[in-house]
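# Coordinates in review
Below are the chains, spelled out letter by letter.
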Amino acid sequence: MTSFPLRSTSEPSGKPEGEQAQDPRKREEQAKNVCLRLLTVRARTRAELTEQLTKRGFEEDLSSRVLDRLTDVGLIDDEDFAEQWVRSRHANAGKGKRALAVELRKKGVDNDVIEAALAELDPATERQRAEEMVRDKLRRERLDGDDDVKVTRRLVGMLARRGYNQSMAFDVVRVELAGERERRRV
């Protein structure tokens, strides 16, 4: 049986001695590099970066200093993040306001910022995106006989899972289903 020597530690936390006694400036530089690497992949909220730094063992005051500096230079901007997120997820994933608000809350964005970002998404644009998604699904749907209830339930469910309100979803599906039946009749 092979035994390996245990690493010496200075504290019960199990961290190596060198890591505990590290130069504060070097530790701050490491935290900044972690944030920059994460921001290189995609924009992130301050809360996401705080969570990542905490997970990697950086102290709260150090994380706060690093994040304040990155905010000052414009690399962290929750308002801009929320606006871009809403635009992108609405256009590409077809998400409605309710789902977008939930996603932004999970990313740690403040409610005021979420409301401001969602204000840009007007009801007409939201309805238009819902109509596009229902039209796309209906083109691939078999409309045999009178199974409109089943098709309606499935399409309203799709819209509901994406965060659209139920009354608008029912109305969009009803109108688009009638339009698709008319198109196929011709």
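Residues numbered from 1 in each chain as written. Predicted model: local features only at pLDDT ≥ 70, side-chain atom pairs only at ≥ 80, totals over all residues. Heavy atoms only, no water.

An unreviewed UniProt entry lists the protein chain under the name Regulatory protein RecX, with Mycolicibacterium setense given as the organism. As stated in UniProt under Subcellular location (unreviewed entry), the record for the protein chain gives "Cytoplasm". The UniProt entry for the protein chain carries this comment under Sequence similarities (unreviewed entry): "Belongs to the RecX family." (UniProt positions renumbered as here; feature names shortened; annotations may be inferred.)

### Some remarks on the packing of aromatic side chains
According to the stated counting rule, one finds one aromatic pair in the structure shown. When the ring of Phe81 is compared with that of Trp85, the centres are 5.6 Å apart and the planes differ by 20°; the resulting orientation is stacked. Of this pair, Phe81 and Trp85 are both found in helix H5 (residues 78-93), four residues apart, which corresponds to roughly one turn of the helix. For Phe81, a relative accessible area of 6% puts it in the buried group. (Phe/Tyr/Trp six-rings, centres within 6.5 Å; stacked < 30°, edge-to-face > 60°. Helix = DSSP H or I, 4+ residues; strand = E, 2+ residues; numbered from the N terminus. Buried < 20%, exposed > 50% of the residue type's maximum accessible area, 1.4 Å probe, protein only.)

### Description of the packing of helix H8 (residues 123-140) against helix H9 (residues 148-161)
Taken N-terminus to C-terminus, the directions of H8 and H9 make an angle of 140°; their axes are 11 Å apart at the nearest point. Considering the angle they form, H8 stands oblique to H9. As H8 runs across H9, the sense of the crossing is right-handed. On H9, the residues touching Ala130, Met133, Val134, Lys137 and Leu138 of H8 are Val151, Leu155, Met158 and Leu159. Of the residues contributing to the contact of H8 with H9, the split by class is eight nonpolar, no polar and one charged. (Axes fitted to C-alpha atoms, helices over the stretch in contact; angles between N-to-C directions. Parallel < 35°, antiparallel > 145°, perpendicular 65-115°, else oblique. Left-handed = near helix turned anticlockwise from the far one by under 90°. Contact = heavy atoms within 4.5 Å. Nonpolar A, V, L, I, M, F, W, Y, C, P; charged D, E, K, R; others polar.)

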